[in-house]
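Single-letter residue listing:
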Amino acid sequence: MIKAKHSKWFSALFNIYLWMVYRLYFNKFEVKGHVEDMGLPLLVIANHVSWWDGFWVLRLNQKLWKRQLFVMMLEYQLRENMFLRRMGAFSIKKRSKTMRDSINYASEIIKDPKKLLLLFPQGQINSQYTNPLIFQNGWYRIVEQAGNPVQIVMVANLTDYLASPRPTLTQYIYSPGRADKLTPGEIETIYNNFYRSCINQQTDLPWLG
């Protein structure tokens, strides 16, 4: 597996680059919802709708939680973008002997309350209107193996253009509490109910004429 290799100087430079890219490609960013920080390690699960997803959660973390971010990526994708290691990306290779190493590495991350682990449990990119999302088996072993309290945060990233040539990103956030107090099936159900409500809010927009 490929481990993360955070770099403060690289992150500082890349954040400047992202700030310029956001101004170029996006109209604005909005955050809806509130998450009370329990002071525990954070496990963030989000919808996977684009190449941008990890960067969007990175931005959200910098504004709200300020944890050291880690994100699990498929190994072939990380090998094509190795610079992401310096932003906290590490790899997993499905159906391989190194998969156990990735699970062990991720479980160590969520033992530290100063860290945040981002996962996309559906394991593939879907349309933002896909519902329900089907979570792949095995991801919850990270929580079980950690064996400590972990706060779960759910994020839904939804974009709309409306009257602008550039999209507005709306990030809905919600926390049902501790991941270790819920089953993987319960988490999947809660996320899909949350996601459905986000889509309903997103489409309940005033007619602009």
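Preceding this section is the structure that the text describes.
Fair warning: this is a prediction, and the values are worked out from it, not measured in the lab.

1. Brief notes about the nonpolar core
1) Next: Membership of the largest hydrophobic core comes to 68 residues, with the highest contact counts inside it found for Phe90, Leu117, Ile187 and Tyr191.
2) Next: When sequence neighbours within four positions are dropped, the list of residues in contact with Ile187 reads Ile45, Phe135, Trp139, Tyr140, Ile152, Met154, Ala179 and Leu182.

2. Description of the pairing of strand β4 (residues 89-92)
1) Next: In β4, alternate side chains face the same way, and those of Ala89 and Ser91 on one face and Phe90 and Ile92 on the other are all buried.
2) Next: Note on the crossover from strand β3 (residues 68-74) through helix α3 (residues 75-80) to β4: the handedness is right-handed.

3. A look at unusual backbone geometry
1) Next: With omega at 5 degrees, the peptide bond leading from Asn131 into Pro132 counts as cis.
2) Next: Position of Pro132 among the secondary structure elements: in the loop between β5 (115-119) and α5 (141-146).
3) Next: Non-glycine residue Lys66 carries a positive phi angle of around 55 degrees.
4) Next: Tracing the backbone through its elements, the reader meets Lys66 in the loop between α2 (53-64) and β3.

4. Things to note about the layout of surface pockets
1) Next: Size it by volume and the largest pocket reaches roughly 870 Å³.
2) Next: As for the largest pocket, its lining consists of 36 residues, and the residues nearest its centre are Met72, Met73, Leu74, Gln77 and Phe120.
3) Next: Taken together, the elements giving at least two residues each to the lining of the largest pocket come down to α2, β3, α3, β4, α4 (99-109) and α5.
4) Next: With five residues, β3 is the largest single contributor of residues to the lining of the largest pocket.
5) Next: Here the residues of the lining of the largest pocket sort into 21 nonpolar, ten polar and five charged.

5. Here we look at empty space enclosed by the protein
1) Next: In total, this model carries one cavity of 30 Å³ or more according to the counting rule given.
2) Next: Taken as a whole, the largest cavity holds about 30 Å³ of empty space.
3) Next: When residues of the lining of the largest cavity are traced back to their parent elements, those giving at least two are β6 (151-160) and α6 (184-203).

6. So, the pattern of salt bridges
1) Next: Scanning all chains against the criterion turns up six salt bridges.
2) Next: Residues Arg178 and Asp180 are paired through a salt bridge, measuring 2.6 Å at the closest nitrogen-oxygen approach.
3) Next: Among the residues examined, Arg178 registers a relative accessible area of 27% and is labelled partly exposed.
4) Next: Since its relative accessible area comes to 26%, Asp180 is described here as partly exposed.

7. Some details on the sheet that holds strand β1 (residues 28-32)
1) Next: Read from one edge to the other, the open sheet built from seven strands follows the order β1-β7-β6-β2-β5-β3-β4, with strand pairing classed as mixed. Whereas interior strands pair on both sides, the edge strands pair on one side only; in this sheet they are β1 and β4. Neighbouring strand axes in the sheet, compared pairwise and without regard to direction, differ in orientation by 25 degrees on average.
2) Next: When β3 meets β4, the two strands line up parallel, connected through four bridges. For Met72, the partnering residue across the bridge sits in β4 and is Phe90.
3) Next: On the sheet, α2 packs against β1, β2 (42-46), β3, β5, β6 and β7 (168-178) and is oriented at approximately 65 degrees with respect to β7.

Rules of the game
Residues numbered from 1 in each chain as written. Predicted model: local features only at pLDDT ≥ 70, side-chain atom pairs only at ≥ 80, totals over all residues. Heavy atoms only, no water. Core = buried A, V, L, I, M, F, W, Y, C linked by side-chain atoms within 4.5 Å. Buried < 20%, exposed > 50% of the residue type's maximum accessible area, 1.4 Å probe, protein only. Contact = heavy atoms within 4.5 Å. Helix = DSSP H or I, 4+ residues; strand = E, 2+ residues; numbered from the N terminus. Right-handed = clockwise from strand over helix to strand, strands pointing away. 1 Å grid on protein atoms, 1.4 Å probe; cavity = no way out; pocket = protein on both sides within 12 Å on 5 of 7 lines; lining within 4 Å. Points joined across faces, edges and corners; volume = space filled by probe spheres on them. Nonpolar A, V, L, I, M, F, W, Y, C, P; charged D, E, K, R; others polar. Salt bridge = Lys/Arg side-chain N within 4 Å of Asp/Glu carboxyl O. Pairing = 2+ DSSP bridges. Axes fitted to C-alpha atoms, helices over the stretch in contact; angles between N-to-C directions.

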